Amino acid sequence: MGEEQSENLELEADEKKKTVLYYADFSQEFDYYYSNVFSGEKLNLIDDFLDHYEYFGLSNWKGKISCSWKVPTAYPDWESREAFAKQYNLWHVHIGLPNWQSYPNIPFKTSNQVLHFQKINHFEIKLLTLSTHNPMDLPTLENILDEE
C-alpha cells in the first residue's frame, strides 16, 4: 500500500510539472525576504501572483503589469533609470499591497506596492524586490546579478 501511494504521488507531481508552463525564479535577496522577513499577508499576495504566473504567464493578471523603463520625466535621473531598466529587462507587477485600487473603464487594478522582476524570456521571470510604486526604486545591479 505504501509503494502504491508513493507511485501515485510521483504521478501527481509529474502531472503538475506538465501543466506548469511558466517558471519564476528568486534572486538571492528576494529568496531571503520571502523565506525570513515577509509577513503572511505579503506572502499570500506574492503566492497569488506566482500561482497565476505558473499557469497563465503574464496574461490576464488582475493587477497592472508594466515594463519599468516607462519612467516619469519628473524623476531627475529618468534617463539613467530608463536605460538601466531596459538593459536588464526590468518589469513590475501590482499585487494588491496594501490593498487593490480599481478605476472605472480600466481593466486592471493597481496598488501602492509592486513586485519587481526581470523578464528572462517569454516563459521565465526572476523576482527581485518589493517596493513602493511611486516613487519607485529599481532593484540594484547586485540584486539582479545575485552578487553580494
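Everything below is about the structure shown above.
One structure accompanies this document, and this report is about it. (Residues numbered from 1 in each chain as written. Predicted model: local features only at pLDDT ≥ 70, side-chain atom pairs only at ≥ 80, totals over all residues. Heavy atoms only, no water.)

1. Examining the pairing of strand β5 (residues 124-132)
- Within β5, 7 of the 9 residues are buried, leaving the element largely enclosed by the surrounding structure.
- Pairing of strand β1 (residues 23-26) with β5 involves 4 bridges; the strand directions are parallel. Along β5, the bridge assignment pairs D25 with K126.
- Bridge analysis of strand β4 (residues 113-121) against β5 gives 8 bridges, and the strand direction is antiparallel. Counterpart to K119 in the pairing with β5 is I125.
- Taking the residues that link successive antiparallel strands as the turn, the β4-β5 hairpin has 2 residues. (Buried < 20%, exposed > 50% of the residue type's maximum accessible area, 1.4 Å probe, protein only. Helix = DSSP H or I, 4+ residues; strand = E, 2+ residues; numbered from the N terminus. Pairing = 2+ DSSP bridges.)

2. So, the side chain of Q118
- Note on placement: Q118 falls in strand β4.
- Given the relative accessible area of 13%, Q118 is considered buried.
- For Q118, the contacting residues outside a window of four places in its chain are Y88, N89, L90, E124, I125, K126, L128 and I144. (Contact = heavy atoms within 4.5 Å.)

3. Details of the pattern of salt bridges
- For the structure shown, the criterion picks out 2 salt bridges.
- A salt bridge links D146 to K126, with the nearest nitrogen and oxygen atoms 3.1 Å apart. Of this pair, D146 sits in the segment after α5 (141-145) while K126 sits in strand β5, and the two are 20 residues apart along the sequence. (Salt bridge = Lys/Arg side-chain N within 4 Å of Asp/Glu carboxyl O.)

4. Some remarks on the nonpolar core
- One finds F49, I95, L115 and L127 to be the most contacted residues of the largest nonpolar core, which totals 21 residues.
- Elements represented by at least two residues in this core include exactly β1, α3 (40-56), β3 (90-97), β4 and β5.
- In this structure, L127 is in contact with D25, F26, S27, F30, F49, L50, L115, H116 and F117, ignoring residues within four places of it in sequence.
- If you look at the next biggest cluster of nonpolar residues, it comprises 10 residues, including V71, L90, L128 and I144. (Core = buried A, V, L, I, M, F, W, Y, C linked by side-chain atoms within 4.5 Å.)

5. Comments concerning the sheet that holds strand β2 (residues 65-67)
- Taking strand neighbours across the sheet as the criterion, the 5 strands line up as β1-β5-β4-β3-β2 in an open arrangement whose pairing is mixed. Looking at the sheet topology across the chains shown, the edges are occupied by β1 and β2. Neighbour-to-neighbour, the strand axes of this sheet turn through a mean angle of 35°, independent of strand direction.
- Of the strands in this sheet, β1, β2, β3, β4 and β5 touch α3, which is tilted by about 125° from β3. (Axes fitted to C-alpha atoms, helices over the stretch in contact; angles between N-to-C directions.)

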